[in-house]
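Summary of the model geometry
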Amino acid sequence: MKRPGGVIAVAVMDFAGSGLLVALAGLLMLTALGQFAAGGQAGAPAAAYRAGQMVGLSLVYLLPAGWGILTAIALLRMRLWAVASTLVFAYLLVCAGVGIAIAAVWTPTAASNAAVETLMRLFLGAVALAVAGIGVWWLVYFFQRPVRAQFAASGGWARRPLSISMLGWIGVFAAGGCALGALLPHPALTFFGWPVTG
C-alpha cells in the first residue's frame, strides 16, 4: 500500500525526535561518567548523587526514544496501532508545548537586562508553541477519516503493540516516582520557578 506523504513526514519527525532524545541520553551518560570519575575528590558524595540522577534521567529519555522509533517504523508499515500511538504522542506534545509556553512567561530568568530576558522568553515561547503546533497537526491529520481508513485497510490490532506496552510502563514508573517523592521531605518545591513551601 502506498504511504501518504503526511505519514512519511510524521515518521521522519518521530525518527528525528527519538534521535535527539538518544543524543541527550548519551550526553547525560558521558556527564555522569565525569561525575563518577570525580569520586576521589572533595565533595565526592554529592558528585556521585548527581551522577546517579543523570543516569536515571538518561533512562527516562531512552524509553520514549524507543517508543518513538517503534512508532515511526510502524507508521511506515501502515500499522493501525501506530495511529493510536501517534495520537498519544501528539497529546503529550500539545500539553508539553503549552506548559513550557506558560513557564516561559512566568518563570524567573537570570538574564542581565530586560531586553535579553524578553528575547529569551520570546524564543522559548516560540519553540514551545511550535512543538504544540506539531501536536495539533498530528491530531488533526490522524483523525481524518480517509487517513484512518488507509491504516485500517492494512490490518487490525493483531496484538498489543510494544510501544503501547512501553507507554503503560512509563506511566507505572512515573506514578511510582511521584508516590516516592511525596514521601520524601522537601524543604521547598517550585511552581514555574517560584518557591513553594508549607
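First, a word on what this report is: a plain description of the structure on this page. (Residues numbered from 1 in each chain as written. Predicted model: local features only at pLDDT ≥ 70, side-chain atom pairs only at ≥ 80, totals over all residues. Heavy atoms only, no water.)

A count of helical and extended segments in the protein gives six helices and two strands. From first element to last, N terminus to C terminus, the protein shows the α and β order α-α-α-α-α-α-β-β. Counting every position in the protein, which comprises 198 residues, the buried fraction comes to 26%. By sequence separation, contacts in the protein at least 24 residues apart represent 74% of the contacts at least 6 residues apart. Entry remark: accessible area of the protein is about 12,200 Å², with carbon and sulfur atoms responsible for 75%. (Helix = DSSP H or I, 4+ residues; strand = E, 2+ residues; numbered from the N terminus. Buried < 20%, exposed > 50% of the residue type's maximum accessible area, 1.4 Å probe, protein only. Contact = heavy atoms within 4.5 Å. Areas by Shrake-Rupley, 256 points an atom, 1.4 Å probe, with all protein chains shown as cover.)

This part takes up a nonpolar patch on the surface. Taken together, Phe15, Val22, Met29, Leu59, Leu62, Ile69 and Ile73 make up a surface patch of nonpolar side chains, about 520 Å² in accessible area. Sorting the residues of the nonpolar patch by element identifies helix H1 (5-37) and helix H2 (44-76) as the ones contributing at least two each. Ranked by residues supplied to the nonpolar patch, first place goes to H2 with four residues. (Patch = residues over 30% accessible without salt bridge, like charges linked within 9 Å, V, L, I, M, F, W, Y side chains within 5 Å. Salt bridge = Lys/Arg side-chain N within 4 Å of Asp/Glu carboxyl O.)

So, on to the packing of aromatic side chains. What the rule picks out here adds up to four aromatic pairs. These aromatic residues form a ring-pair network of at least three members: Trp137, Tyr141, Phe142 and Phe151. (Phe/Tyr/Trp six-rings, centres within 6.5 Å; stacked < 30°, edge-to-face > 60°.)

Residues spaced three or four apart along an α-helix face the same direction, because each turn holds 3.6 residues. If you check helix H4 (residues 114-142), its first and last C-alpha atoms are 42 Å apart, about what 29 residues at 1.5 Å a residue would give, namely 42 Å. Among the residues of H4, Gly125, Ala128, Ala132, Gly135, Trp138, Tyr141 and Phe142 are the ones counted as buried. (Expected span 1.5 Å × (residues − 1).)

This part takes up the nonpolar core. Counting 20 residues, the largest nonpolar core has Val7, Leu75, Phe142 and Phe151 as its most contacted members. For this core, the secondary structure elements donating two or more residues are H1, H2, helix H3 (80-106), H4 and helix H5 (145-153). Examining the composition of this core, we find that seven residues originate from one element, H3, more than from any other. When residues no more than four places from it in sequence are discounted, the contact partners of Leu75 are Val7, Val10, Ala11, Asp14, Ala82, Thr86, Phe142 and Phe151. (Core = buried A, V, L, I, M, F, W, Y, C linked by side-chain atoms within 4.5 Å.)

Relative to the helices and strands, Thr86 is located in helix H3. Within polar-contact distance, the side chain of Thr86 engages the backbone oxygen of Ala82 at 2.7 Å. Those residues in contact with Thr86, other than ones at most four positions away along the chain, are Val10, Thr71, Leu75, Trp138 and Phe142. (Polar contact = N/O pair within 3.5 Å; in protein donor to acceptor, adjacent residues only side chain to side chain.)

Where H3 contacts H5, the axes come no closer than 7 Å and their chain directions differ by 135°. Of the possible angle classes, the one that applies to H3 and H5 is oblique. Along its contact with H3, which presents Leu80, Val83 and Leu87, the element H5 presents Arg148, Phe151 and Ala152. Partitioned by chemical class, the residues of the contact of H3 with H5 number five nonpolar, no polar and one charged. (Axes fitted to C-alpha atoms, helices over the stretch in contact; angles between N-to-C directions. Parallel < 35°, antiparallel > 145°, perpendicular 65-115°, else oblique. Nonpolar A, V, L, I, M, F, W, Y, C, P; charged D, E, K, R; others polar.)

Moving on: unusual backbone geometry. A positive phi is found at Met78, a non-glycine position, where the angle reads about 60°. Topologically, Met78 is positioned in the loop between H2 and H3.

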